[in-house]
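Descriptive analysis of the structure
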Amino acid sequence: MNSFENKSIIITGAAMGLGLAAAKDLAARGANLALVDYNESSLAEAKDSITKDFPNAKVITIVADVSKEEAVKNYVDETVKAFGRIDGLYNNAGIEGRQASITEYDLAVFKKVIDINLMGVYYGLRYVIPVMQKQKYGRIVNVASVGGIRGVFHQMPYVASKHAVSGMTKNAALEYGKDGITTNAIAPGAILTPMVAEAFKQVNPEDPKLAETEYAKANPTKRLGLPDEVAKVVSFLLSEECSYVNGQTIAIDGGQSNSYGNV
Ligand SMILES: NC(=O)c1ccc[n+]([C@@H]2O[C@H](COP(=O)([O-])OP(=O)(O)OC[C@H]3O[C@@H](n4cnc5c(N)ncnc54)[C@H](O)[C@@H]3O)[C@@H](O)[C@H]2O)c1
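Anyway, here's the lowdown on the structure attached to this text. (Residues numbered from 1 in each chain as written. Predicted model: local features only at pLDDT ≥ 70, side-chain atom pairs only at ≥ 80, totals over all residues. Heavy atoms only, no water.)

**Overview of the packing of aromatic side chains**
The geometry of an aromatic ring pair comes down to the distance between the two centres and the angle between the two planes. Inspection of every chain in the model, using the stated rule, returns three aromatic pairs. Each ring, one from Phe 200 and one from Tyr 215, has its centre 5.8 Å from the other, and the planes form 65 degrees; the classification is edge-to-face. One end of the pair, Phe 200, is in helix 6 (residues 194-203); the other, Tyr 215, is in helix 7 (residues 208-216), and 15 residues separate them in sequence. Judged by relative accessible area, Tyr 215 falls into the partly exposed class, the value being 38%. When the ring centre of Tyr 137 is taken as origin, the NZ or CZ atom of Lys 7, which lies over that ring, is 4.7 Å away. (Phe/Tyr/Trp six-rings, centres within 6.5 Å; stacked < 30°, edge-to-face > 60°. Helix = DSSP H or I, 4+ residues; strand = E, 2+ residues; numbered from the N terminus. Buried < 20%, exposed > 50% of the residue type's maximum accessible area, 1.4 Å probe, protein only. Lys NZ or Arg CZ within 6 Å of the ring centre and 35° of its normal.)

Structure representation (structure tokens):
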């Protein structure tokens, strides 16, 4: 198991889903954690559940909307104040938006998806990278999606924003590899989190579980992924040991994005 003793890691969107699963995995490995989310009550609950499971973990919480530049600058400052350095950034906060055709997509929702998924990730890079440059060390994991390497029916702004995350990952890798900073992205498939549960409700409001079962048929593993399965990959990418993977977008999807037609 990779050790994170004396490493401090920022996780955005840490209150639930993939962010919370990674927080628990990293706490188990000894990391100091700065948990960021705009859902204040869920963030407090997340901190409680982590410190209950890992009483020695040093955890701070910062309420912030990652689409607001000042709020991002503040979570970076608060983390440096608390821990003196930033070893890792898990740039995870994101939303799906609504599902609608291109011509009917609500413009306000379109812009919100771009503001959070694209600009939120960019602001994180903009303010964390200078701290990592001074340290000559850093690990960044941005959260793209299979929607960052493939089209997804009725999810145009999500797909646009996640392709952008994959592109920004390549650029950050090119520009800051010389400073001891690696930047990678993950592309999860359908992982059972509150966000995905909501998506299945939109596909079949009467029977979301049926929508889930139907969806899983197209996956080589015949099931959805679990947040913990993603967390273990993220912890590796954020670890000191992962020193020569840079600029990659790594699918965590049971192999589904490699298939063409029925499996
Ligand atoms: N679950 C999946 O199957 C899946 C697949 C591909 C990509 N992803 C991506 O993984 C990331 C996490 O997704 P999840 O499934 O855990 O979602 P989730 O909705 O379960 O959790 C997301 C968390 O991010 C927070 N958040 C959202 N917008 C925010 C903002 N502007 N500022 C601060 N916090 C914000 C929410 O409050 C929530 O706690 C997202 O970027 C998502 O696009 C998820």
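Here the narrative resumes.
**Overview of the site of the ligand**
The environment of the ligand is made up of 29 residues, and the closest members are Leu 18, Asp 37, Tyr 158, Ile 191 and Thr 193. Within the backbone of Met 195, a nitrogen or oxygen atom sits 3.4 Å from an oxygen atom of the ligand. For the ligand, whose accessible area on its own is 820 Å², the fraction buried by protein is 95%. Those elements that place two or more of their residues in the shell around the ligand are helix 1 (17-28), helix 5 (156-176) and helix 6. If you tally residues by element for the shell around the ligand, the top one is helix 6, at three residues. Taken together, domain 1 (8-189 + 226-253) and domain 2 (191-224) each give at least three residues to the shell around the ligand, which thus spans both. (Near = heavy atom within 4 Å. Polar contact = N/O pair within 3.5 Å; in protein donor to acceptor, adjacent residues only side chain to side chain. Areas by Shrake-Rupley, 256 points an atom, 1.4 Å probe, with all protein chains shown as cover. Domains from an automatic or database assignment.)

Nothing here speaks to function; it is geometry throughout.
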